[in-house]
Amino acid sequence: MHSKRGRDSLFGAEPAAKRSCSCSFPDEVLEKVLSLLSCYKDRSAASLVCKDWYHAERWSRTQVFIGNCYSVTPEIVVTRFPKIRSLIIKGKPRFSDFNLVPHDWGADIQPWLACFATAYPFLEELRLKRMCVSDESLEFLALSFPGFKRLSLLSCDGFSTDGLAAIATHCKNLVELDIQENGIDDRSSCWLSCFPESLTSLEILNFSHLTTEVNFPALERLVARCKSLKVLMVNKNINLEQLQKLLVLAPQLTKFGTGTFSQELNSPQYEALESSFNQCRNLLTLSGLLEANSFYLRAIYPACKTLTFLNLCESALRSDDLAKLLAHCPNLRRLWVLDTVEDKGLEAVGSYCPLLEELRVFPASPFDPDIAHEVTESGFVAVSYGCPRLRYVLYFCRQMTNAAVATIVKNCPDFTHFRLCIMNPGQPDYLTNEPMDEAFGAVVKTCTKLRRLAVSGLLTDLTFKYIGEYAKNLETLSVAFAGRSDRGMQHVLEGCPKLRRLEIRDCPFGNAALLSGLDKYESMRSLWMSACNVTLDACRFLAKKMPRLNVEVIKDEEDDDCQAEKVYVYRSVAGPRKDAPPFVLTL
């Protein structure tokens, strides 16, 4: 039998006698040690120690994370890692979420599946984000990997419920089917009846964003026979009476997403619903609650004491209802709400959630400037006083002040993610009419652990000077409608040593700013610039100087021939992609 080191010679590795190594562990011991590393960054770092570690890590790796599907080819992945059972692949740039990337830009999963079907017939898990997935690809997946167990599709498009039916029919050992925020053609509810009656392995089922009616008898039978089901997220077409029946069948749930939380119930029906929630002794996450009102919210109170995550971003609760609900959630760590809760609701967050680590506040009506409800700096400050453990915030609002942000980060200095989205572009401090520079200066000066930052409001180049000088652990920066000159972007590229992703839209940064990153881009995952002052000539110069980067310009019909309205730059070991549509210029 050939040793693993002998097999490595097939890939051009040197004989063992010629390889330098800092240790002399047997292959099996080294592989066992490396298998204990769960973080892909740690494993990648270990593979750089020496050639022995490189090969041991190669043979022991069972999971791969690919942050950009065009940074590498499936053939390279297969050659590098022969024993992969789990894959995470991301496709389109994040700004595709804002319709800035054309629908047919690319990121098709089929070439990956075709390659893996031969190399990884033992594949068990696939997690895709912003990929193009067809029904044919889902059927190919279901038929090509007999031991397949877990599928997660987040913000993907191109498939329908017919593809889900293929997964349900052919994946006999399915453990997870997680379908979130996808552009799915919701044709029928028949896919739920395609799960074979012999399937009992399902642990996670999420179809909360599907819109069609649900085949409830099929769902009920599926939940009844899958005794290990821990996560169930249903869509808005499940009513309260059906919800109660599901809870009776699966009191062991740890994550539950309800459907529409409004229905005329008589007294016995309401008592049955409340009793069912009371039996959910292990519930950690609760979401959904569409159209919930005060009366029916009381039914979930018995299950709230164990909750650590409450997702209300689809439930337009008012402040009083939120306060009553939070009074029953003493262990909450994560909270997502709509701005319908207003500042008074956020004051309740500060009062009842001392352990809170993550807060996301979304706009209920982002395109309506005359809304009667909103959150302001007052609510954010109240949260910071009551929740000193806060690490992650995404906060949409229409007004903010420098002093408020300084107070917030003083109260919560351990932020790792700070995403403040002032929805009116170019909005200054509404009390002083000054730019918001000092607000974000306070963030980067105080929060030394900061890894992700989104800036907004009226900002000059001073903000970016602060970021470059103080944000030494920053990995992702998102900028919109900000800055005065090229110097702003230059400050960031010169000063943030760990920067991996830079996203810029509608800013005055031009060619000098783009080309100031020549020494930086190869260490980054990607750069996105749209509606800036960049020309095609500058992009061509960048591509010529940095041949290991892919420089793509996305052209619209009305674009100026000389301007580069949308520029996407990313590192790749695969070279220019071969499936670029005509509107993508690869330079």
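In this report, we go over the structure that sits alongside the text. (Residues numbered from 1 in each chain as written. Predicted model: local features only at pLDDT ≥ 70, side-chain atom pairs only at ≥ 80, totals over all residues. Heavy atoms only, no water.)

1. A short note on the overall build of the protein
When you go through the protein residue by residue, the secondary structure sums to 21 helices and 23 strands. Relative to a compact globule of 587 residues, whose C-alpha radius of gyration would be 25 Å, the protein shows 26 Å and is just as compact. Along the longest, intermediate and shortest principal axes, the C-alpha atoms of the protein span 75 × 70 × 55 Å. Counting the 587 residues in the protein, one finds 55% classified as buried. The contacts of the protein with a sequence gap of at least 6 include a subset with a gap of at least 24, amounting to 70%. For the protein, the accessible surface area stands at approximately 24,600 Å², while carbon and sulfur atoms represent 52% of it. Across the protein, 68 positive and 70 negative side-chain charges occur, with their mean positions spaced 9 Å apart. (Helix = DSSP H or I, 4+ residues; strand = E, 2+ residues; numbered from the N terminus. Rg over C-alpha atoms; globule rule 2.2 N^0.38 Å. Buried < 20%, exposed > 50% of the residue type's maximum accessible area, 1.4 Å probe, protein only. Contact = heavy atoms within 4.5 Å. Areas by Shrake-Rupley, 256 points an atom, 1.4 Å probe, with all protein chains shown as cover. Lys, Arg positive; Asp, Glu negative; His and termini not counted. Charge placed at Lys NZ, Arg CZ, Asp CG, Glu CD.)

2. So, the pattern of salt bridges
Within this structure, the stated rule accounts for 24 salt bridges. A salt bridge links Lys 92 to Asp 157; the shortest N-O distance between them is 3.0 Å. Separated by 65 residues along the polypeptide, Lys 92 in the loop between strand E2 (86-90) and helix H6 (110-119) and Asp 157 in strand E5 (residues 157-160) bring together distant segments of the chain. Looking at Lys 92, the relative accessible area reads 8%, which means it is buried. (Salt bridge = Lys/Arg side-chain N within 4 Å of Asp/Glu carboxyl O.)

3. Describing empty space enclosed by the protein
All chains considered together, the criterion is met by six cavities of 30 Å³ or more. As a volume, the largest cavity reaches approximately 180 Å³. Lining the largest cavity are 17 residues, with Pro 93, Arg 94, Arg 501, Ser 526 and Tyr 568 positioned closest to its centre. Every element with two or more residues in the lining of the largest cavity is listed here: strand E19 (501-505) and strand E20 (526-530). (1 Å grid on protein atoms, 1.4 Å probe; cavity = no way out; pocket = protein on both sides within 12 Å on 5 of 7 lines; lining within 4 Å. Points joined across faces, edges and corners; volume = space filled by probe spheres on them.)

4. What to know about the environment of Phe 95
Tracing the chain through its elements places Phe 95 in the loop between E2 and H6. A sequence separation of 410 residues divides Phe 95 from Arg 505, and the C-alpha atoms of the two residues are 9.2 Å apart. Among residues more than four places away in sequence, those in contact with Phe 95 are Leu 100, Val 101, Glu 503, Ile 504, Arg 505 and Trp 528.

5. Re the side chain of Gln 244
With respect to the element layout, Gln 244 can be found in helix H10 (residues 240-249). Its relative accessible area of 18% is what places Gln 244 among the buried residues. Contacts of Gln 244, omitting those with residues within four sequence positions, involve Ala 272, Leu 273 and Ser 276.

6. Observations regarding the environment of Leu 143
Along the chain, Leu 143 turns up in helix H7 (residues 135-144). We classify Leu 143 as exposed; its relative accessible area is 53%. Remark: the alpha-carbon pair of Leu 143 and Val 49, spanning 94 residues in sequence, is separated by 39 Å.

7. Regarding the side chain of Asn 550
Considering the arrangement of structural elements, one finds Asn 550 in strand E21 (residues 549-554). At 3.0 Å, the side chain of Asn 550 forms a polar contact with the backbone oxygen of Gly 575. Excluding residues within four positions of it along the chain, Asn 550 makes contact with Tyr 70, Tyr 568, Val 569, Tyr 570, Ser 572, Gly 575, Pro 576 and Arg 577. (Polar contact = N/O pair within 3.5 Å; in protein donor to acceptor, adjacent residues only side chain to side chain.)

Geometric values such as these leave the question of function open.
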